[in-house]
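So the chains spell out like this:
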Amino acid sequence: LNGSASTTGGNDVVIRNNIINGPQYGIYINASDRGATNPIQVYNNMINTSYAGTGANAGIYTTGSDYVNLDFNSIYVEGGNTSTSNLQGGIVTTGTTADGSINIRNNVMFNNGNGADDFAISVATTVDIATISNNAYWAPNATNIAYWGADQADFATFVGNSGETGAVNADPQFTSTTDLHAAAL
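In this report, the structure presented in the accompanying data block is examined.

Reading guide: rules and limits
- Residues numbered from 1 in each chain as written.
- Predicted model: local features only at pLDDT ≥ 70, side-chain atom pairs only at ≥ 80, totals over all residues.
- Heavy atoms only, no water.
- Pairing = 2+ DSSP bridges.
- Helix = DSSP H or I, 4+ residues; strand = E, 2+ residues; numbered from the N terminus.
- Contact = heavy atoms within 4.5 Å.
- Axes fitted to C-alpha atoms, helices over the stretch in contact; angles between N-to-C directions.
- Phe/Tyr/Trp six-rings, centres within 6.5 Å; stacked < 30°, edge-to-face > 60°.
- Buried < 20%, exposed > 50% of the residue type's maximum accessible area, 1.4 Å probe, protein only.

A short note on the sheet that holds strand S16 (residues 151-152)
Ordered in space as S3-S6-S9-S12-S15-S16, the 6 strands form an open sheet in which the pairing is mixed. Where the open sheet ends on each side, the last strands, each with one partner, are strand S3 (25-30) and S16. Pairing between strand S6 (residues 57-63) and strand S9 (residues 88-94): 6 bridges, direction parallel. Each bridged residue has a counterpart across the sheet, and for Asn57 the counterpart in S9 is Gln88. Along the sheet, helix H1 (residues 155-162) makes contact with strand S12 (121-123), strand S15 (146-148) and S16, crossing S15 at roughly 25 degrees.

Put into structure tokens, the structure is as follows:
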């Protein structure tokens, strides 16, 4: 989804019930500005990405987009990326024009990369987030569990800084890397 601009509502944008196996991005939302009453809805997707190059690697990547709801997605990101940016994660958000316009709720994010920047979640500008709650995170090989405006070395630090409620740091034990039904959560 690239450049879907509508600040007056317009048609609904809903991405749901998909199984996505992508190389670099599962879902990429770029410069999509919606109104508060008609946000982009991304929910109930199974997303697997595997990218060994440089640059971002994300299950869901929003950049320059406002009013996005990310709910009930299961995401597996395979490592091997050689980038040292903060653009690696199950969910990655960068830059909006409307503070507090992105909601991240009830997602499972697993990043199986092995670098310092292979985060479960990466949020560059934390004021962009309206709500973050009830998500599960797992990045077993990473130096930092998350990026929340800065590296978050451990889960307790991330939860304290993000204010997330109901967060879990546990291996979801997906059936496989492409069948993201969680056995453990």
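And the narrative resumes.
Remarks on the packing of aromatic side chains
Each aromatic ring pair is specified by the distance between its two centres and by the angle formed by the two planes. By the definition in use, this model includes 9 aromatic pairs. With centroids separated by 5.1 Å and ring planes inclined at 75 degrees, the aromatic side chains of Tyr137 and Phe158 adopt a geometry described as edge-to-face. Here Phe158 lies in helix H1 and Tyr137 lies in strand S14 (residues 136-138), a separation of 21 residues in the sequence. The pair Tyr137 / Phe158 is uniform in exposure class, with both members buried. Through successive ring pairs, a cluster of aromatic residues spans Tyr137, Trp148, Phe155 and Phe158.

Keep in mind these numbers describe shape, not what the thing actually does.
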